[in-house]
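# Structure assessment
For reference, the chains in residue letters:
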Amino acid sequence: MKNTFWKRVDFQVSIFTAAIVAALTFSIFIFQYQITYRDTLKSLNDQVESIYSYIDEFLDTTTFDNISVREDINNPEYIEMHDLFRQVKEVTGVMYLYTAKQNSNGEFIYVIDGLNSDNPSFRYPGDLIESEIYPDMQRALSGEKVLPDKIKDTEWGKIFITYLPIYDDADVIGVIGIEFEAEHQYMTYRNLRLLLPWFILLFSLIASLISRALF
């Protein structure tokens, strides 16, 4: 009976130790991921502010009156602003950089796209923007800065999005869109989520063996 009692105690201690190790392991992995994710968002927000300040200094707001249809890519205003956005995109390495506005039907359309015109993803002035991002763009059009805060799953993949208001005096006349690739961050989270149970199981088994050896 005594041996049975102590074996039961040993087993309970093993389970308790394994549970503690599993909980600590889980907490450490989540904490490390949260730190990385927070640092990523801070870096993106700092980059957004720099891009926004630079573009705001050189942006010609007349493009939002004079550019609305595909043929407007030949306008001098469009050519100048397209070169500006293309250069900023290449220097900063952002995924997408563009401006948008609402047409008379309340739809958001592209004005300036920072991609090269021979890029398959290039959008002409007047092309409709996907309706899935209308709510965030509407927030920017109301004067709010929509900064990167979480990974968005879109038809272009996993991205961080940013929408910033464009002012002409006190009026918001359009939106600057800045999008960052988030596939790496998403895969890190996905791999962590998939591997974490195996790490917990491994450390639990190790803790169980150690506790049995000690007790």
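Heads up: the structure comes first, above all this text.
Residues numbered from 1 in each chain as written. Predicted model: local features only at pLDDT ≥ 70, side-chain atom pairs only at ≥ 80, totals over all residues. Heavy atoms only, no water.

## A few points about helix H3 (residues 76-92)
For H3, built from 17 residues, the straight-helix expectation of 24 Å at 1.5 Å per residue is met to within 8% by its first-to-last C-alpha distance of 24 Å. Of all the residues in H3, the buried ones are Tyr78, Met81, His82, Leu84, Phe85, Val88 and Lys89. Along H3, the residues classed as buried sweep out an arc of 160° about the axis, all on the same side. Turned more than 90 degrees away from the buried face of H3, the exposed residues are Pro76, Glu80, Glu90 and Val91. Just downstream of H3 lies Gly93, where phi reads positive at about 80°. (Helix = DSSP H or I, 4+ residues; strand = E, 2+ residues; numbered from the N terminus. Expected span 1.5 Å × (residues − 1). Buried < 20%, exposed > 50% of the residue type's maximum accessible area, 1.4 Å probe, protein only. Arc of directions from axis to C-beta.)

## Some details on the packing of aromatic side chains
Each aromatic ring pair is specified by the distance between its two centres and by the angle formed by the two planes. One pass over the full model with this rule turns up 4 aromatic pairs. Ring geometry for Tyr98 and Tyr110: centres 5.3 Å apart, planes at 55°, overall tilted. Placement of Tyr98 in strand S1 (residues 96-102) and of Tyr110 in strand S2 (residues 108-113) is noted, with a sequence separation of 12 residues between them. You can call Tyr110 buried: its relative accessible area is 7%. Between Phe108 and Tyr134 the ring centres are 5.2 Å apart and the planes differ by 70°, which places this aromatic pair in the edge-to-face class. Of this pair, Phe108 sits in strand S2 while Tyr134 sits in helix H4 (residues 134-141), and the two are 26 residues apart along the sequence. Residue Phe108 is classed as buried on the basis of its relative accessible area of 1%. Taking the ring centre of Tyr124 as reference, the NZ or CZ of Arg70 above it sits at 4.0 Å. (Phe/Tyr/Trp six-rings, centres within 6.5 Å; stacked < 30°, edge-to-face > 60°. Lys NZ or Arg CZ within 6 Å of the ring centre and 35° of its normal.)

## Looking at the pattern of salt bridges
By the definition in use, this model includes 7 salt bridges. Note that Lys42 is salt-bridged to Asp46, the shortest N-O span being 3.2 Å. Residue Lys42 and its partner Asp46 are located together in helix H1 (residues 2-58), separated by 4 residues, close to a single helical turn. The class of Asp46 is partly exposed, set by a relative accessible area of 42%. Close ionic contact of Arg139 with Asp136 constitutes a salt bridge, the shortest N to O distance being 3.0 Å. On the criterion of helical spacing, the pair formed by Arg139 and Asp136 is a turn pair, its members being 3 residues apart in helix H4. (Salt bridge = Lys/Arg side-chain N within 4 Å of Asp/Glu carboxyl O.)

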